[in-house]
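Listed below are the residues making up each chain.
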Amino acid sequence: MNFRKYTPLFCFLMVSCMVLAQDIPLDFSIGEKYNDRYKYSNLLTISNDGTGGTFLVRSYYTGVILRPKGYLIEHYDANMQLINEYNYKLKNSNLVDGYVANGQIYLIFLDYDYDAFAYEYSVHRSPLSGMNFTRESLLTIPSQEVSEPLDKNYYNRNFSSGFTTSVLFNDKKNAFVISTHFKKGKTNKHFIYLFNAGLQKVVEHDFSAEVEEKNYAFENVAFSTDLQEAYIVGKAYFKKKRFQVSERKFQYELIKVSQNGAWTQTFDGPGKFSEALTPIINKNELLCVGFYSNRKDNRYNGLAYFNINPTTLAINSRKYSPFSEQFMMDKFGRDEDKVIKDLVFKNVNVAHDGSIHFNAEEYFVTSSVQANSSGGRLKVTRYHHNDIVSAKLSADGDMLWTRNINKAEVTQGDGAYASYSSYTKDGNTYFFISTAAENPQVLPGDRLLFRQGLSRNRNVFVIKLDADGHLSYKKLIDDKDARLPLMVSTPLLNKRENQIVFYAKRGSKKQLVKVSLN
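Residues numbered from 1 in each chain as written. Predicted model: local features only at pLDDT ≥ 70, side-chain atom pairs only at ≥ 80, totals over all residues. Heavy atoms only, no water.

## Quick word on the overall build of the protein
And step 1. Counting its secondary structure elements, the protein contains two helices and 36 strands.
And step 2. The 518 residues of the protein split such that 53% are buried.
And step 3. Long-range contacts, defined here as pairs at least 24 residues apart, represent 49% of the contacts in the protein between residues at least 6 apart.
And step 4. Split by element, the accessible area of the protein, about 24700 Å² in all, is 48% carbon and sulfur. (Helix = DSSP H or I, 4+ residues; strand = E, 2+ residues; numbered from the N terminus. Buried < 20%, exposed > 50% of the residue type's maximum accessible area, 1.4 Å probe, protein only. Contact = heavy atoms within 4.5 Å. Areas by Shrake-Rupley, 256 points an atom, 1.4 Å probe, with all protein chains shown as cover.)

Structural data, given as structure tokens:
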């Protein structure tokens, strides 16, 4: 018998066993299933009520031609029992985000005032009990009305409309920044505002001088411990520079704003182009981590680390850690022109020893024109959520490992059901993925591949990535246990109790699902 020809199969089976062998200490419980009168809705925000319960806000749509008619606020207790529902009927209002703080729920809206010819940010707030909302104006920006003023897609900004604005929160939602950029003729005004969770305006900075040469698409933000300073990272697109085909048209920049002014730092070095950076405040340190490319247009080549003086933004140290040849081969194959799309940060965690673990997801948007049933033409927009790239750096910025989890998801509607969420505990990171596939494909090199299945119901898998970068997985929730699909990309993370709450909904049924890490 020729054992040599069976060696690859034996090795593959051994890898499969190793990937599956580790125990994943997770339990889940499913809340009561409730009827819901609004079949068409989108989950906008989910928050902790401060006592272990859950607040969530949905926009709902009704009518023969679906139109937004208001917002449904649901309050669940710690046992996932529905305590109260409140129908906040607001037509023609656009909710930006919401959060719970100081015993109140805050809802931030951006609407156009046709009498004042201006955009207005307003906040509707209410005590958690009673739901008695009051409204107050936060900002007013004179402008003509444009089609899409709020730029939620930070990775593909449109600066030609005349007015764009964006809102960035940190994970704790104890502060946020608002960026407003208005341009018409020779008028070119860009302001950055910093608010704390109590709606106090901490900083108002005129950023207009910077936008004479560049347009800014802000992506990520971090705040100083006292919430007096904001550190914003984003792409700066050159406007007047003449480009060759091979030249890059943007660079990543870090902007610090405080009551004393603003400072800017760039990162690109000779032959190194920064990609997908995010700022981190760790005790008294300011760090920026992400990726870099050796090329001017396509593939990422490794991890980037910058230690920055939080006062002056001078770079104390920088490190570039190239991906291994095997990682590049696994990720891109032999096609050197294959493009990795924008990497969107989903989770950044700094451990007690100072090591940094971060996760990002490939994200891009495509559109096409299709014929509809009446013979007309309809533009269809698709949102792609592809591979997960996970990396760990030492406290000094050296690469410890990188991993790639292969998946491909695309949605035309509510993105809450696509993508993934992650949670880090005791050096282990747990990824939660919802898929119709029955099992992932186990690949050599400690890798997993999730393919789309055909079932209407969806399973929930958890992938464990331990402190040494080893992968294991298990099917956490079978589609026969939870008949409603989970909105895995918009969870409520309860780090005090090491619990994750997911909202599940289909049609006229809804429920909560709670996952506990033992």
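Next comes the rest of the description.
## Overview of the sheet that holds strand S7 (residues 95-101)
And step 1. Overall, antiparallel pairing links the four strands, which are arranged S7-S8-S9-S10 in an open sheet. Looking at strand neighbours, the two that pair on one side only are S7 and strand S10 (134-142), the edges of this open sheet. Neighbour-to-neighbour, the strand axes of the sheet open up by a mean angle of 20 degrees, direction not taken into account.
And step 2. Where S7 lies against strand S8 (residues 104-113), six bridges are found, and the strand directions are antiparallel. For Val-100, the partnering residue across the bridge sits in S8 and is Ile-105. (Pairing = 2+ DSSP bridges. Axes fitted to C-alpha atoms, helices over the stretch in contact; angles between N-to-C directions.)

## Description of the confidence of the model for the protein
Should the pLDDT be low somewhere, the predicted coordinates at that spot are not to be read in detail.
And step 1. In this model, the protein carries an average pLDDT of 85, and 88% of its residues clear a pLDDT of 70 or more.
And step 2. Model confidence for the protein, summarised as mean pLDDT per element, is weakest for helix H1 (residues 7-21) at 39 and strongest for strand S14 (residues 201-206) at 96.
And step 3. The low-confidence segment residues 1-21 (pLDDT under 50) makes 16 contacts with residues lying over four places distant or belonging to another chain. (pLDDT = per-residue confidence, 0-100.)

## Some words on unusual backbone geometry
And step 1. Phi at Asp-426 takes a positive value of approximately 55 degrees, unusual for a residue other than glycine.
And step 2. Structurally, Asp-426 is set in the loop between strand S28 (420-425) and strand S29 (428-435).
And step 3. Backbone geometry at Asn-498 places phi at a positive 55 degrees, although glycine is not the residue there.
And step 4. Following the sequence through the fold, Asn-498 ends up in the loop between strand S34 (492-494) and strand S35 (499-506).

## Remarks on the side chain of Asn-428
And step 1. Residue position: Asn-428 is located in strand S29.
And step 2. What Asn-428 contacts, discounting residues up to four positions off in sequence, is Tyr-423, Lys-464, Leu-465, Asp-466 and Ala-467.

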